[in-house]
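For reference, the chains in residue letters:
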Number of protein chains: 2
Amino acid sequence: MKLGRGVLIGIGDDATAFSLSRGTVGVATIDTLVEGTHFDRSYMTYADIGWKAMAANLSDIAAMAGRPLLALVSLTLTGRQTVRAIDELYHGMRALADRYGVTIAGGDIVKGREFSITIAVIGECSRNNPGMRSGVKAGDAVLVTGELGASQAGLDILNSKFRIQNSELARKHFRPVPRIGEGLALARKFKLHGMIDISDGLSAELCHLCQESKCGIVIDQGALPIADAAITAARLLRKDPLEYCLASGEEYELLFTLPLNDAVRAKALLENMGTHCTIIGQAVKGRGLRIIGQDGKGRRLSPRGFRHF
Amino acid sequence: MKLGRGVLIGIGDDATAFSLSRGTVGVATIDTLVEGTHFDRSYMTYADIGWKAMAANLSDIAAMAGRPLLALVSLTLTGRQTVRAIDELYHGMRALADRYGVTIAGGDIVKGREFSITIAVIGECSRNNPGMRSGVKAGDAVLVTGELGASQAGLDILNSKFRIQNSELARKHFRPVPRIGEGLALARKFKLHGMIDISDGLSAELCHLCQESKCGIVIDQGALPIADAAITAARLLRKDPLEYCLASGEEYELLFTLPLNDAVRAKALLENMGTHCTIIGQAVKGRGLRIIGQDGKGRRLSPRGFRHF
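Analysis parameters
- Residues numbered from 1 in each chain as written.
- Chains lettered and ligands numbered in written order.
- Predicted model: local features only at pLDDT ≥ 70, side-chain atom pairs only at ≥ 80, totals over all residues.
- Heavy atoms only, no water.
- Helix = DSSP H or I, 4+ residues; strand = E, 2+ residues; numbered from the N terminus.
- Rg over C-alpha atoms; globule rule 2.2 N^0.38 Å.
- Contact = heavy atoms within 4.5 Å.
- Areas by Shrake-Rupley, 256 points an atom, 1.4 Å probe, with all protein chains shown as cover.
- Pairing = 2+ DSSP bridges.
- Axes fitted to C-alpha atoms, helices over the stretch in contact; angles between N-to-C directions.
- Least-squares fit on C-alpha atoms with pLDDT ≥ 70 in both.
- Buried area = accessible area lost by both parts, 1.4 Å probe.
- Salt bridge = Lys/Arg side-chain N within 4 Å of Asp/Glu carboxyl O.
- Polar contact = N/O pair within 3.5 Å; in protein donor to acceptor, adjacent residues only side chain to side chain.
- 1 Å grid on protein atoms, 1.4 Å probe; cavity = no way out; pocket = protein on both sides within 12 Å on 5 of 7 lines; lining within 4 Å.
- Points joined across faces, edges and corners; volume = space filled by probe spheres on them.
- Buried < 20%, exposed > 50% of the residue type's maximum accessible area, 1.4 Å probe, protein only.
- Expected span 1.5 Å × (residues − 1).
- Arc of directions from axis to C-beta.
- Phe/Tyr/Trp six-rings, centres within 6.5 Å; stacked < 30°, edge-to-face > 60°.

As a further point, take the overall build of chain A. A tally of helices and strands in chain A yields nine helices and 13 strands. Computed over C-alpha atoms, the radius of gyration of chain A comes to 20 Å, within 12% of the 19 Å expected from 2.2 N^0.38 for 309 residues, which places it in the range of a compact globule. Look at the contacts in chain A between residues 6 or more apart in sequence, and 83% of them connect residues 24 or more apart. Roughly 12,400 Å² of accessible area belongs to chain A as shown, and the carbon and sulfur atoms make up 49% of that amount.

This is the structure in C-alpha cells:
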C-alpha cells in the first residue's frame, strides 16, 4: 500500500503509525453514520455513503483549520452487504480522501444486525493558530463559505412527490465537499478567531460559537447566502427558503469570525480560490443569537437544524 | 475537564487536539464492540463493557510498545439504555483509561437499532523502536506475558451449567488488563524484534507474526503457560486445557520475540515488574507454525481462536 503524507505504518500491524509536521499539533475526530438514522439506501449508493461519512470527519478537521492525514474505518456489516457493496463504499471514501492526500490506514470490520460506518480522522493543525469555537471576539465580523440550505432541501425533494435523482440538490446532500483548503488558507494568512463547520445547521452552529466564546452574535437576514437550489425546492414544497438556510445540517461549510479588516481580506482570499464567502453578521458583547429582518427589526433566533439524539 | 498528558483540546470543539513527545511517532487504532456479537448484557455490566472496549484498543497500542494518550468514543444507542447505564459505561472506560493517564477527549453519540461502542485510541511510541509484527528474526526466542486460556474458559463457564458470577475466570474475561507498562519497559531496554497482542488467540497471533515476518515459529507445548483457571474450567467442562491456551482470544497478553540473550533479560525485567513471562518457542527459517508435543514430535499448528467476520 502506498502511504500518504504523515503515515508511517498502514494496515497490517496492530496500530497505524504517523508523524506530525514541525510546528503543528495533532487533531482527531470520530463520527458514526447508521443506516436508517443517517442515510437511506433507497436513494444513496454505497459510494455516496462512503463519501459522506468521510466528508463529515474531514469537515471537523477543516473546522480546526487542519490538514487531515489519515483515516481509521470501522464497519459493522450485517451479512446483507456484498463484497461489491463494500468495494463501492471504500471507493466513495477514497474518492474524497484522495483529494486531500488522506490515507485509509487501518480499521476494523465486525458483524452486527445494523449496517453502520464509523470513521476516525487524524490530522494536524498549526500549533499557534488552530480554528476554535471559543475564539470569537465581540466586534468580529461573522463569515460563512458557500451557499446554504441545499442539503436539507435536497433531502426533502427526495422524500417528496418531486423526487428527482441525480439533481443538483441531491448532489449537495450526497456529496458534500469539506472546506479543507479554505481552512488552511485562512490559518496561513490570518490570526484566526472563532471557527466551526456547519454540520447541525447555521443557527445551531452560531449558538455553539456564542456559547463557547461567551458572546452574542447578530445576523443580517438580507445577507444570508441562500442556495438557489434551496430557493427552488422551497418554492416546489411551499416552504420558507430562510428556514432551509438557517436549519439545514450537513452543509459542511466553514463558519468563522475575524476582525472586520481581516474579514474583508479573507473574503477576497477565498473568492480568489473560487469559494463563495459572505459576511453575514457581527459578534457582540452579551449573549444569545439575534437576526435583523428586512424590516430592520431584530428578533431572537433559537438553534434549529439537526437535533442530536 | 482536566486534560491528561499530550491532550491540548478535549471535548467541546470540532476536534480534539494533541501533541506528541519528542522522539516519538503517533500510533492509532480503532475497534468496535457490538451487543450480541462481542458482549452479552445478561452477564456483563455496562461498566464491564466499557472497560473491555477500552482494553481492546489499549492493547493494540501496547502491541506497538506505545503509550496511549487519548481516546475518542462513538456510541450507538438504541433508546433502551438509561442515562445511568451510559454513566456506568463511561465509568468502566475511565476506570481503565485512568490507570494509564488516557483522556477520553471526544466522541459522538448516535441513534440506532443496535447498541455498539467504537473507540479510537491515539498514542505515541518510540520513533526508532516500535513493536512490529514484521520484526521477527529467525533464531529469536518467542515470549508471552501472563498465563493463557482464562478468557475463553471464563466465557464457556458462564455459558455452562457451572455458571459462576464474579469468579476469577469471569474477571479475566470481563476485565482484561492490557500490557502497556510491559511494552514500554521492553522498548526502553531492548531493540524490539517482533511484537503483537493476543486478541485472536495465541496460535492465530503466532501465525500473524510468521506471515508478516516471513518466517516460521516452533512452539514447545510443555512450556506453554496455561492459566490455572483454564485448567479448572477444562476439567469441569471436559475440554482440553491446551485448546484454551492456543485458541482463547481477548487475552490481551503481549507476544514478542527477541534474541535469546535479550529474551532471558526481558523475562527477568518483566518478572521484576510482577508480570509473568515465559519463553515458549523459537523463530526459525522457512514458513508456518509448528508445535513440539510432550512426546518430542512436531506437528503443524493451524490458526484457531476467534474468527473475524
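So, about the sheet that holds strand β13 (residues 298–300) of chain B. Residues and elements named next belong to chain B. Ordered by their spatial adjacency, seven strands build an open sheet running β8-β10-β7-β11-β9-β12-β13, and the pairing between neighbours is mixed. If you trace the sheet from one side to the other, it starts and ends with β8 (195–197) and β13, each paired once. Looking at each pair of strands side by side, their axes are set apart by 25° on average, direction ignored. The strands touched by helix α9 (residues 260–272) within the sheet are β7 (141–145), β10 (254–258) and β11 (277–284), with β11 carrying the most contacts at an inclination of about 160°.

Attention now moves to the relation of the copies chain B and chain A. Superposition record for chain B on chain A: RMSD 0.0 Å, screw rotation 180°, translation along axis 0.0 Å. Expressed as an axis order, the relation between the two copies is that of a two-fold axis. When the interface residues of chain B are mapped onto chain A, 100% of them are again interface residues, pointing to one common binding face.

Attention now goes to the sheet that holds strand β13 (residues 298–300) of chain A. Residue and element names in this part refer to chain A. Read across the sheet, seven strands follow the order β8-β10-β7-β11-β9-β12-β13 without closing on themselves; strand pairing throughout is mixed. Two strands close off the open sheet at either side, each with one partner strand: β8 (195–197) and β13. Pairwise comparison of adjacent strand axes, ignoring direction, gives a mean angle of 25° for this sheet. Sheet analysis places strand β7 (residues 141–145) next to strand β10 (residues 254–258), joined by four bridges and oriented antiparallel. Looking at β10, one finds that Ala141 is bridged to Leu258. Packing of helix α9 (residues 260–272) onto the sheet brings it into contact with β7, β10 and β11 (277–284), and relative to β11 it is tilted by some 160°.

Glancing now at the interface of chain B and chain A. Of the residues lining the interface, 52 residues belong to chain B; the matching set on chain A comes to 52 residues. Across the interface of chain B and chain A, roughly 4,300 Å² is buried in total on both sides, 59% from carbon and sulfur atoms. Between the two partners, chain B and chain A, sit four salt bridges. Viewed at the interface, chain A and chain B are joined by 17 residue pairs in polar contact (both at pLDDT 80 or more).

Glancing now at empty space enclosed by the protein. Counted by the stated rule, this structure contains one cavity of 30 Å³ or more. Volume-wise, the largest cavity comes out at about 50 Å³. What lines the largest cavity is Thr76, Glu114 and Ser116 of chain A together with Val34, Thr76, Glu114 and Ser116 of chain B.

Time to look at unusual backbone geometry. Phi at Arg238 of chain A takes a positive value of approximately 55°, unusual for a residue other than glycine. Within the secondary structure layout, Arg238 of chain A lies in the loop between α7 (228–237) and α8 (241–247).

In total, this model carries 20 salt bridges over all chains according to the counting rule given. We note a salt bridge from Glu250 of chain A to Lys52 of chain A, for which the minimum N-O separation is 2.7 Å. Taken together, the residues Glu250 of chain A in the loop between α8 and β10 and Lys52 of chain A in helix α1 (residues 46–62) connect sequence positions 198 residues apart. Grouping residues by exposure puts Glu250 of chain A and Lys52 of chain A together as buried. For Arg5 of chain B, the salt bridge goes to Glu124 of chain B, with nearest N and O atoms at 3.8 Å. Placement of Arg5 of chain B in the segment before β1 (7–9) and of Glu124 of chain B in strand β6 (residues 116–126) is noted, with a sequence separation of 119 residues between them. Relative accessible area serves as the criterion here: at 4%, Glu124 of chain B is assigned to the buried category. Each of Arg179, Glu182 and Glu253 of chain A takes part in a single network of salt bridges with overlapping partners.

This brings us to helix α2 (residues 83–99) of chain B. Residues and elements named next belong to chain B. The end-to-end C-alpha separation of α2 is 25 Å, in line with the 24 Å expected for 17 residues at 1.5 Å each. Within α2, the full set of buried residues consists of Ala85, Ile86, Leu89, Tyr90, Gly92, Met93, Leu96 and Ala97. Down the axis of α2, the buried side of the element spans an arc of 150°, and every buried residue falls inside it. For α2, exposure combined with an orientation more than 90 degrees from the buried face picks out Val83, Arg84, Asp87, His91, Asp98 and Arg99.

Another point: the packing of aromatic side chains. All names here are of chain A. Overall, the coordinates contain seven aromatic pairs over all chains when judged by the stated rule. On the numbers, 6.0 Å between centres and 15° between planes, the contact of Tyr43 with Phe174 is stacked. On the criterion of sequence distance, the pair formed by Tyr43 in the loop between β3 (24–34) and α1 and Phe174 in helix α4 (residues 168–174) is long-range, its members being 131 residues apart. Through a chain of ring-to-ring contacts, three or more aromatic side chains come together here, namely Phe39, Tyr46 and Phe115.

Moving on, we come to the environment of Phe162 of chain B. All names here are of chain B. The residue Phe162 is located in the loop between α3 (150–158) and α4 (168–174) in this model. Note on Phe162: relative accessible area 26%, which makes it partly exposed. Sequence-distant contacts of Phe162, that is, excluding residues within four places in its chain, are made with Ile157, Leu236 and Leu237.

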